[in-house]
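Breakdown of the fold
Chain by chain, the residues:
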Amino acid sequence: MLEPLVQDYVPAAMQLARDSFRERVRVPVLVTIAPQLEESFQTARTRALDDMSQLGPHNRADLLHQAKVLELRPIRRRRLLQVTIGRSEENDIVLQDETVSSHHAIFTQHPSSGKPLIQDQESTNGTRINNQLLIPYKAVRVHDGDLLSFGDVTFLFFTPAGFYDALQSLVQETA
């Protein structure tokens, strides 16, 4: 199964009102901030790779039409709404990267507000929000446009409404 790209969501964002888009895209998304670079332990670090790791909340990459979109949707039914992320095939979101732990992090919702939270599962290389390392097992609020890093793999996080707004900006910039 092919992962959707940002460009696959653009027509819906152009044709639908914000609330209608939110009904279609009901879960938060992770968007790659650059084409996935095939890197192995034998690949030398480059300045481009190091520069990507230095992105912060005030220096974010714009959405790219070819960027992959991962919907934070659980693949198994659970009592609690949670989405697991890691290298193991047992996770809802599988990231095939050696810097990602087998059970790296969990996305949940705040019980009363429903706001998105993320919790590092004591991963080897850590989970970061906007380059700030998370404390293992402590749930932290995630906001639209936050940079989330799992090991060396980095994404932009969006709620459905925030993703709609980002797509609208993308369309306006390219028009």
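Residues numbered from 1 in each chain as written. Predicted model: local features only at pLDDT ≥ 70, side-chain atom pairs only at ≥ 80, totals over all residues. Heavy atoms only, no water.

V6, F21, V31, L63, F158, F163 and L167 are the most contacted members of the largest nonpolar core, which has 22 residues in total. Those elements that provide at least two residues to this core are α1 (6-15), β1 (29-32), β11 (153-158) and α4 (160-174). If one sorts the elements of this core by residue count, α4 sits on top with 6 residues. Apart from the residues within four sequence positions on either side, V31 is in contact with V6, L63, A67, K68, V69, F155, L156, F158 and F163. Within the second largest apolar cluster, 19 residues are counted, among which are L70, A105, L134 and V142. (Core = buried A, V, L, I, M, F, W, Y, C linked by side-chain atoms within 4.5 Å. Buried < 20%, exposed > 50% of the residue type's maximum accessible area, 1.4 Å probe, protein only. Helix = DSSP H or I, 4+ residues; strand = E, 2+ residues; numbered from the N terminus. Contact = heavy atoms within 4.5 Å.)

Bringing α1 into the picture now. Since the α-helix advances by 3.6 residues per turn, residues separated by three or four positions end up pointing in the same direction. Within α1 the residues assigned to the buried category are V6, Y9, V10, A12 and A13. Each element contacted by the buried residues of α1 is listed here: α2 (18-24), β1, β2 (69-71) and α4.

Attention now goes to the sheet that holds strand β7 (residues 127-129). An order of β2-β1-β11-β10-β7-β8 is seen for the 6 strands of this open sheet, with the pairing classed as antiparallel. At either margin of the open sheet sits one strand with a lone partner, and together these are β2 and β8 (132-133). Pairing between β7 and strand β10 (residues 147-150): 3 bridges, direction antiparallel. Among the inter-strand pairings, T127 is bridged to a residue of β10, identified as F150. Across the sheet, α4 lies against β1, β2 and β11, angled at about 100° from β11, the strand it touches most. (Pairing = 2+ DSSP bridges. Axes fitted to C-alpha atoms, helices over the stretch in contact; angles between N-to-C directions.)

Take α4 next. The terminal C-alpha atoms of α4 lie 21 Å apart, and with 15 residues this matches the ideal 21 Å at 1.5 Å per residue to within 8%. Within α4 the residues assigned to the buried category are P160, A161, G162, F163, Y164, A166, L167, L170 and V171. Packed against the buried residues of α4 are α1, α2, β1, β2 and β11. (Expected span 1.5 Å × (residues − 1).)

In summary, the side chains of a regular strand alternate between the two faces of the sheet. Taking burial as the measure, the 5 residues of strand β3 (residues 82-86) include 4 buried ones, the bulk of the element. Taken together, the 4 bridges between β3 and strand β5 (residues 105-109) define a ladder with antiparallel strand orientation. Note that in β5 the partner of I85 across the bridge is A105. Both β3 and strand β4 (residues 93-94) contribute to a ladder of 2 bridges, which runs parallel. Bridged to I85 within β4 is I93.

So, about the sheet that holds strand β9 (residues 140-141). Ordered by their spatial adjacency, 5 strands build an open sheet running β4-β3-β5-β6-β9, and the pairing between neighbours is mixed. Where the open sheet ends on each side, the last strands, each with one partner, are β4 and β9. The pairing of strand β6 (residues 116-120) with β9 spans 2 bridges and is classified as antiparallel. Counterpart to L117 in the pairing with β9 is R141.

All right, on to the pattern of salt bridges then. Throughout the structure, instances matching the rule amount to 4 salt bridges. Across the pair K68 and E3 runs a salt bridge, and its minimum N-O distance is 3.6 Å. Here the residue K68 occupies a position in the loop between α3 (47-53) and β2, and E3 occupies one in the segment before α1, the gap between them amounting to 65 residues. Looking at K68, the relative accessible area reads 32%, which means it is partly exposed. Residue R22 pairs with D19 through a salt bridge whose shortest N-O separation is 3.5 Å. (Salt bridge = Lys/Arg side-chain N within 4 Å of Asp/Glu carboxyl O.)

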